[in-house]
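Single-letter residue listing:
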Amino acid sequence: MSENPPSQAYALYHPAVQQWIYQQGWERLRDVQEHAAGLIRAGQRDVIIASATASGKTEAALLPICSVLAVRQKQGLGAGVAALLVSPLKALINDQYGRIADLAGPLGLQVHRWHGDAPASGKARVLRAPQGLLLITPESLEALFVRHGDRARRVFGSLRHVIVDELHSFIGTERGAQLQALLHRVEEAAGRRVPRVALSATLGDFGGAAEFLRPGGGTEAAVVCSTEPGGEIRLQVRGYVDPARPPEPGRERADRAAIADHLFRTLRETDNLVFANSRAAVEVYADMLTQRATQAGVRARFLAHHGSLSKEVREHVEERLKDPAAPITAICTSTLELGIDVGSVDSVAQIGAPPTVSGLRQRLGRSGRRPGQPAVLRVYVAEPELNAGIAPADALRPELFQTVAMVELLTAAWYEPPDDTGLHLSALIQQILSICAQHGGARASRLFATLCDTGPFRRVDRAVFAQLLRDMGQHRLLEQQPGGELLPGREGERLLGHYSFYASFHTSLNYRLVADGYTLGSLPVDRPILPGTMLIFSGARWRVLSVDTAQRVIELTAAEAGRPPVFPGTGGEIADEVRRAMFRLYRSTEIPHYLDATARTLLAEGRAAFHAYGHATRRVFAQEAGTLLFPWRGDRIMNTLAAVLGMRGLVVGQDGLAITIRDCTPARLLPVIRSLATGPAPDPVAIAAAVRAKQHDKYDRYLSENLLNLGYAARALDVPGAWACLSDLADCDTVG
DNA sequence: GACCTGCTGCGGCATG
């Protein structure tokens, strides 16, 4: 460390921590480590540490924390866990466990890991003699409260630090609401406020993230954001055309074949990640690339990696990525997006428009992690062949424009802002049951105080909370004692008694796919598969030998042909800013330098269609079967517009960029839009009441219609945004 | 026209 200016942070570290840094061979501290040390050591404020993957975030938090704890250790710590690290993935905990033990061990600090696959002996030790650092998942923390609620005070009574890893992965989700409640309950058990440190690579808005980290106290958090220059980024968007004529049976689609050919030529000698947007697409490309490798007689390997593959198959791929001896390319879904350590890959590819800008940033960050090595990203976009019969929406080349809009936003360092408008009533039901189990019953006033008044469910008022308790009573989740105390009811006990209670999210029953006694992965039970079916799975071709419905096992044998299975799933949400950026891109004449020749052609075609149809000045278009409405706004506004038009008796559908109105002319639609725009915006809950199929999260099935409407309105609608949009629409269009 | 995440206690058996 002698070549660099003297480090202030270094001097704050405990001598044994300094020794550890020396042993690591570090030449200097990273800027986030430099800036976080004093803040964390002071132990007053919450701290958000934001910097790229592999830039020393975890150490920025742990070096000062271990320094503080080492001193306290010498003074003789009381019983109790001193630092709690909550992480979204078991694999991340396993990765960090060894490294942290290596640092903390010489300081006399114990390190424990607690998750579903961690040895039970370690968990027993934490309960018996809690101390040191505890690495845990939210679900295991939930289990600790439910099963060992009487020990919570003992375990967390002398807690000094809380760390949340990969904060962005929690924001706006049921799991995030669960985490907030758990951290609040940890502080209740500790009997005091415990400063929180959050780590993340992609945060769009630090204020929102800080407010998520401590509801009601976000303004007091300190933000430590890396200003170290990022490495060079090499980026290309490649365009492809999907021919109108479908391929002969058994032949590859021409656009997919061309993409696979290019991937094979470019990637066969190196380590790469190829992100596809669905598990089915992962299987298709893994198979196509394997076929090409076999035909060429090369030993290049192309392996599939997604959430339905077994742990063994996935770990094999992860090991192969880390192994420098033989290069491989993993075709994957978002499974390889978070921080699981697969080292640095040579390049990243994305097939199809990325789902979100922050996801694209995370994916890009998987390459270019070695000094002097650029981050390489290729995005492959296919659009249908342009001919007379093309649908107006396809002529706009929306996939390409969404891709380019997202790349432009990425370059401007814009990410989807933390959105936490949801009520998370499903997570609230879970927390109410969990607290009742922890304390052997609770009064309604105490539950409201802990969870809503001073806790994370601040958008839930007394009336909604009372309704929720009534709904829970109706379904026997709760029952009330004569003295007013609430206890888990029959159904509540049933939920609490099974281990599936701890997760805040759904899981469905699965068939196990077995080939030669080896479990390849699983498929959901609600998609029955018959013996004899040809299947592509784990990047290889299979025939189904047998289906055992009792044991839920599907047996496979190798085959010559196959098709990917149908996986379940529902669509994602496109942010308002992305749609606005797309609209700007259509009106612009600039041609981004990172487009290849075909992508430029597609860009030109999309802009030509945009102007030919008159999109620059109009939003409403007549069609044979009805009317198309192009608001150029995010999905929440689209949802809201579709719902209010439906309430006026129109037959409405949503189709990508457009809202379709069947059997209706623009002349009939425009007065409806004008009347909506000039009238008062209705209550969001009234709009939600017009929407069907609103059950979304794990415990939503216990909610009455009114609460489902409230939850849906908060999660999926934007009424002020929709009314601003209606005014634009009313001003913009004369009858056309 | 989507993706991902996670979980216990106990019985039975082998081993030291």
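Because the structure is a prediction, the values reported are computed rather than measured.

## Quick notes on the domain arrangement of chain A
And then number 1: Assigned domains of chain A: these are domain 1 (10–225), domain 2 (233–243 + 250–380) and domain 3 (510–731).
And then number 2: Averaged C-alpha coordinates put domain 1 and domain 3 at centres separated by 38 Å.

## What to know about helix 18 (residues 444–453)
And then number 1: Buried residues of helix 18: L447, F448, T450, L451 and C452, and no others.
And then number 2: Buried residues in helix 18 make contact with helix 9 (174–190), helix 17 (425–439), helix 19 (462–474) and strand 15 (486–488).

## A look at the nonpolar core
And then number 1: Formed by 53 residues in total, the largest nonpolar core has its most connected members in L321 and L400.
And then number 2: Those elements that place two or more of their residues in this core are strand 9 (272–276), helix 13 (311–322), strand 11 (328–332), helix 14 (357–364), strand 13 (375–384), helix 16 (398–411), helix 21 (576–587) and helix 22 (597–613).
And then number 3: Among the elements that line this core, the one with the most residues is helix 16, at eight residues.
And then number 4: Viewed by domain, this core spans two of them, domain 2 (233–243 + 250–380) and domain 3 (510–731), each represented by three or more residues.

## Concerning the pairing of strand 23 (residues 651–655)
And then number 1: The pairing of strand 23 with strand 24 (residues 658–662) spans five bridges and is antiparallel. Paired with V651 across the strands is R662, a residue of strand 24.
And then number 2: Remark: two residues form the turn of the hairpin made by strand 23 and strand 24, two consecutive strands paired antiparallel; G656 in that turn has positive phi of roughly 65 degrees.

## So, the pattern of salt bridges
It is possible for side chains of opposite charge to pair when their charged atoms get near one another.
And then number 1: Using the criterion set out here, one finds 25 salt bridges in the structure.
And then number 2: Residues R292 and E252 are paired through a salt bridge, measuring 2.9 Å at the closest nitrogen-oxygen approach. With R292 in helix 12 (residues 279–296) and E252 in the loop between strand 8 (233–242) and helix 11 (254–267), this pair connects stretches of sequence that are 40 residues apart.
And then number 3: Three or more residues joined by partner-sharing salt bridges are found here, namely D46, E187, R193, R196 and R214.

## With respect to the packing of helix 11 against helix 12
And then number 1: Interhelical geometry of helix 11 versus helix 12 gives an angle of 60 degrees and a closest axis separation of 10 Å. Classed by the angle they form, the pair helix 11 and helix 12 counts as oblique. Like other packed secondary-structure pairs, helix 11 and helix 12 cross with a definite hand, here right-handed. Contacts from R256, A257, I259, A260, D261, L263 and F264 of helix 11 reach helix 12 at V284, Y285, M288, L289, R292, A293 and A296.

## Quick notes on the environment of T329
And then number 1: Looking at the element boundaries, T329 is found in strand 11.
And then number 2: Given the relative accessible area of 1%, T329 is considered buried.
And then number 3: Taking C-alpha positions, T329 is 7.6 Å from R268, a pair spaced 61 residues apart along the chain.
And then number 4: If we ignore the near neighbours within four places in the chain, the residues touching T329 are L267, T270, N272, V274, R301, F302 and L303.

## Structural notes on the packing of helix 2 (residues 15–24) against helix 4 (residues 57–74)
Each pair of packed helices can be summarised by the angle the axes make with each other and by the distance between the axes.
And then number 1: Viewed as axis vectors pointing N to C, helix 2 and helix 4 meet at an angle of 145 degrees, and their least axial separation amounts to 8 Å. Seen from helix 2, the contacting residues are V17, W20 and I21; seen from helix 4, they are E59, L63, C66 and S67.
And then number 2: Grouping the amino acids of the contact of helix 2 with helix 4 by side-chain chemistry returns five nonpolar, one polar and one charged.

## A few points about the packing of aromatic side chains
And then number 1: All told, the structure shown has 16 aromatic pairs when counted by the stated rule.
And then number 2: Between F621 and F630 the ring centres are 5.7 Å apart and the planes differ by 85 degrees, which places this aromatic pair in the edge-to-face class. With respect to class, F621 is no different from F630; both count as buried.
And then number 3: Three or more aromatic residues joined by ring pairs make a cluster, and in this case those are F401, F583, Y586, F610, F621, F630 and W632.

## Concerning the state of the cysteines
And then number 1: By the definition in use, this model includes zero disulfides.
And then number 2: Here C664 stays free of any disulfide, with the sulfur of C725 as its closest cysteine sulfur at 17 Å.

## Quick notes on helix 20 (residues 490–497)
The α-helix winds at 3.6 residues per turn, so residues separated by three or four positions along the chain end up facing the same way.
And then number 1: All buried positions along helix 20 are accounted for by E491, G492, L495 and L496. Projection of helix 20 onto a plane perpendicular to its axis shows the buried side chains occupying an angular sector of 135 degrees, all on one side. Projecting away from the buried face of helix 20 at angles above 90 degrees are the exposed residues R490 and G497.
And then number 2: Each element contacted by the buried residues of helix 20 is listed here: helix 7 (138–147), helix 17 and strand 15.

So, how was this worked out
Residues numbered from 1 in each chain as written. Chains lettered and ligands numbered in written order. Predicted model: local features only at pLDDT ≥ 70, side-chain atom pairs only at ≥ 80, totals over all residues. Heavy atoms only, no water. Domains from an automatic or database assignment. Buried < 20%, exposed > 50% of the residue type's maximum accessible area, 1.4 Å probe, protein only. Helix = DSSP H or I, 4+ residues; strand = E, 2+ residues; numbered from the N terminus. Contact = heavy atoms within 4.5 Å. Core = buried A, V, L, I, M, F, W, Y, C linked by side-chain atoms within 4.5 Å. Pairing = 2+ DSSP bridges. Salt bridge = Lys/Arg side-chain N within 4 Å of Asp/Glu carboxyl O. Axes fitted to C-alpha atoms, helices over the stretch in contact; angles between N-to-C directions. Parallel < 35°, antiparallel > 145°, perpendicular 65-115°, else oblique. Left-handed = near helix turned anticlockwise from the far one by under 90°. Nonpolar A, V, L, I, M, F, W, Y, C, P; charged D, E, K, R; others polar. Phe/Tyr/Trp six-rings, centres within 6.5 Å; stacked < 30°, edge-to-face > 60°. Disulfide = S-S within 2.5 Å. Arc of directions from axis to C-beta.

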